Amino acid sequence: MALVGPNGAGKSTLLRALAGLIRPTAGAATLDGIDIATLSRAALAARVAVVPQAFDTLFPFTVREIVTLGRTARLGLFARPTARDVAAVARAIDEQDLAPLLDRRLDALSGGERQRVVVAMALAQESDVLLLDEPTAHLDPQHQLGTLRRVAALARARGVVVLAVLHDLNLATLADRVVVLDAGRVVADGPPATALAAAVVTRVFGPGLTIAQLSGRTVILPG
């Protein structure tokens, strides 16, 4: 599922509420009917993985070490990684094409490479819910498409709920479902052709955009 809207619409705030980082001012965020505010940080981390817009560390961790951190929520204090932990890390590394970078420090990577490492860390967590805040930022077009397609395949194969905040409306059309926010409210929710219909796009994002259908897919063009 893609979450879109203009700057200041509340996309990142909603993501933070769903991740349990802030409490809703009204209502509740629930997971399988359970208010996430009642879950411990460890229990919530085992169920929900988050890819933030920016990720920094105080120490010069390597790519391998950063991806391995994704298993922290599933390991007890002082516990040694199991075969499943090792396999999950290896799979995430492979899914994000990180093998050539494993021994490089995170602070020595480009913005796009860093983003792929953080996505891999979240994938290694093997959570039920994956929340991504601008996961395609700093990525070239090939890796933008590759990242979103791999995440979509993960959702289908493992039954994972995926919500991605995206600024690129054309990338959002790759999702099965699009939610459009404006001024903190949901103004459209449905398949791309419905949620990103011309009337919705003009109302929320302003004039100057053309909505067309190309090979059965919604495309948003300037002009």
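Structural notes, computed from the coordinates. (Residues numbered from 1 in each chain as written. Predicted model: local features only at pLDDT ≥ 70, side-chain atom pairs only at ≥ 80, totals over all residues. Heavy atoms only, no water.)

## A few points about the sheet that holds strand E5 (residues 129-133)
Within a sheet, each strand pairs with its neighbour through backbone hydrogen bonds, oriented either parallel or antiparallel. Judged by pairing direction, the sheet is mixed, and its 6 strands sit side by side in the order E4-E5-E6-E1-E7-E8 without closing on themselves. Each of the sheet's edge strands pairs with one partner strand only, and the pair in question is strand E4 (48-51) and strand E8 (185-190). The mean inter-strand angle of the sheet, taken between neighbouring strand axes irrespective of direction, is 15 degrees. Helix H5 (residues 111-124) rests against E4 and E5 of the sheet, and its axis sits at about 180 degrees to E4. The strands that helix H9 (residues 198-205) touches are strand E1 (2-4), strand E7 (178-182) and E8; relative to E7, the one it contacts most, it runs at about 35 degrees. (Pairing = 2+ DSSP bridges. Helix = DSSP H or I, 4+ residues; strand = E, 2+ residues; numbered from the N terminus. Axes fitted to C-alpha atoms, helices over the stretch in contact; angles between N-to-C directions. Contact = heavy atoms within 4.5 Å.)

## What about empty space enclosed by the protein?
The full count for this structure, using the stated rule, is 1 cavity of 30 Å³ or more. Looking at the largest cavity, its volume works out to about 50 Å³. Lining the largest cavity are Ala122, Leu123, Glu126, Ser127, Leu130, Leu154, Arg158 and Val160. For the lining of the largest cavity, the secondary structure elements donating two or more residues are H5 and helix H6 (141-158). Split into classes, the residues belonging to the lining of the largest cavity amount to 5 nonpolar, 1 polar and 2 charged. (1 Å grid on protein atoms, 1.4 Å probe; cavity = no way out; pocket = protein on both sides within 12 Å on 5 of 7 lines; lining within 4 Å. Points joined across faces, edges and corners; volume = space filled by probe spheres on them. Nonpolar A, V, L, I, M, F, W, Y, C, P; charged D, E, K, R; others polar.)

## Focus: helix H1 (residues 11-18)
Residues Lys11, Leu15 and Ala17 constitute the buried set of H1. The arc that holds the buried residues of H1, viewed along the axis, is 160 degrees, so those residues lie on one side. Looking at the packing, one finds that the buried side of H1 touches E1, E5, strand E6 (161-165) and E7. Once H1 finishes, Gly20 follows within two positions and takes phi at roughly 80 degrees, a positive value. (Buried < 20%, exposed > 50% of the residue type's maximum accessible area, 1.4 Å probe, protein only. Arc of directions from axis to C-beta.)

## Re unusual backbone geometry
We note that Asp32 has phi near 55 degrees; this positive angle belongs to a residue other than glycine. The backbone of Asp97 shows a phi angle near 55 degrees, a positive value even though the residue is not glycine. Residue placement: Asp97 occurs in the loop between helix H4 (83-95) and H5. On the accessibility criterion, Asp97 (41% relative accessible area) is partly exposed.

## A short note on the pairing of strand E9 (residues 209-214)
Two strands pair when backbone bridges link them, and E9 and strand E10 (residues 217-222) are joined in this way by 6 bridges, in the antiparallel orientation. Residue pairing for E10: Leu214 is matched across the bridge by Arg217. The turn linking E9 back onto E10 is made up of 2 residues, and Ser215 within it adopts a positive phi angle of 55 degrees.

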